[in-house]
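Geometric and topological summary
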Amino acid sequence: MRTGLLIILVSAAVYAAATPAAALILGGWAPIPDVNDAHIQELGAWAVAEHEKRANDGLRFGSVVSGEQQVVSGMNYRLAVDAVNLAGQHGRYNAAVYEVEWTNTRELESFDKAAN
């Protein structure tokens, strides 16, 4: 019994030492490593399109410029998105998206103009 417990404790210590501190915070927000990833850019485009459906303001997607992600029962994303309005003016917007890839579920939690 003690040997099994010792093996578990040593394994946990080795795992903790080999894992970055940010990854140990379950449910914590972490920067998206590559915002140019096709999936992240597609999420941003989807968020702008979903916003445009609701607001009917003609906003068009430019690109995701930064973001954070949080592992939950799925994934939460906070995306900083560049978009263009009908007047051709570029602006920065904050989009919060919840996604569960294995059920093909997405929800636009919020979409707002970023503060300057």
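First things first, this report covers the structure right here in the doc.

The next point concerns the environment of W29. Of note, W29 is situated in strand 1 (residues 29–31). For W29, a relative accessible area of 30% corresponds to the partly exposed category. Placed 42 residues apart in sequence, W29 and V71 show a C-alpha to C-alpha distance of 7.9 Å. Excluding residues within four positions of it along the chain, W29 makes contact with E68, Q69, Q70, N76, Y77 and R78.

Next up on the list: the sheet that holds strand 3 (residues 74–84). Ordered by their spatial adjacency, five strands build an open sheet running 1-2-3-4-5, and the pairing between neighbours is antiparallel. The two strands at the open ends of the sheet, each matched to only one other strand, are strand 1 and strand 5 (105–113). This sheet shows a mean twist of 25 degrees between the axes of neighbouring strands, independent of strand direction. One ladder, built from eight bridges, connects strand 4 (residues 90–100) with strand 5; its direction is antiparallel. By the bridge assignment for strand 5, N94 is matched with D112. Against the sheet, helix 3 (residues 38–55) makes contact with strand 2 (60–72), strand 3, strand 4 and strand 5, and its axis sits at roughly 70 degrees relative to strand 5, the strand it touches most.

The tally for this structure, following the rule as stated, stands at one aromatic pair. Aromatic pair Y93 and F111: ring centres 5.5 Å apart, planes at 20 degrees, arrangement stacked. On the criterion of sequence distance, the pair formed by Y93 in strand 4 and F111 in strand 5 is long-range, its members being 18 residues apart. Accessibility expressed as a relative area gives 11% for Y93, which makes it buried. F111 gets classed as buried once you look at its relative accessible area, which sits at 13%. Lying across the ring of W29, R78 places its NZ or CZ 3.7 Å from the centre. One cation-aromatic arrangement involves K113 over Y93; the distance from NZ or CZ to the ring centre is 5.0 Å.

Now for the pattern of salt bridges. According to the stated counting rule, one finds six salt bridges in the structure shown. The salt bridge involving E50 is made with K53; its shortest N-O contact spans 3.2 Å. Highlighted residues: E50 and K53, both in helix 3, separated by three residues, approximately one helical turn. Of the residues examined, E50 reaches a relative accessible area of 17% and is grouped as buried. Classification of K53 as exposed rests on a relative accessible area of 62%. R92 serves as the salt-bridge partner of D82, at 2.8 Å between the closest nitrogen and oxygen. Here D82 is found in strand 3, whereas its partner R92 is found in strand 4, with 10 residues between them in sequence. A residue is classified by how much of its surface remains accessible, and D82, at 23% relative accessible area, is partly exposed. Each of E42, E99 and R106 takes part in a single network of salt bridges with overlapping partners.

Reading the values: the criteria
- Residues numbered from 1 in each chain as written.
- Predicted model: local features only at pLDDT ≥ 70, side-chain atom pairs only at ≥ 80, totals over all residues.
- Heavy atoms only, no water.
- Helix = DSSP H or I, 4+ residues; strand = E, 2+ residues; numbered from the N terminus.
- Buried < 20%, exposed > 50% of the residue type's maximum accessible area, 1.4 Å probe, protein only.
- Contact = heavy atoms within 4.5 Å.
- Pairing = 2+ DSSP bridges.
- Axes fitted to C-alpha atoms, helices over the stretch in contact; angles between N-to-C directions.
- Phe/Tyr/Trp six-rings, centres within 6.5 Å; stacked < 30°, edge-to-face > 60°.
- Lys NZ or Arg CZ within 6 Å of the ring centre and 35° of its normal.
- Salt bridge = Lys/Arg side-chain N within 4 Å of Asp/Glu carboxyl O.

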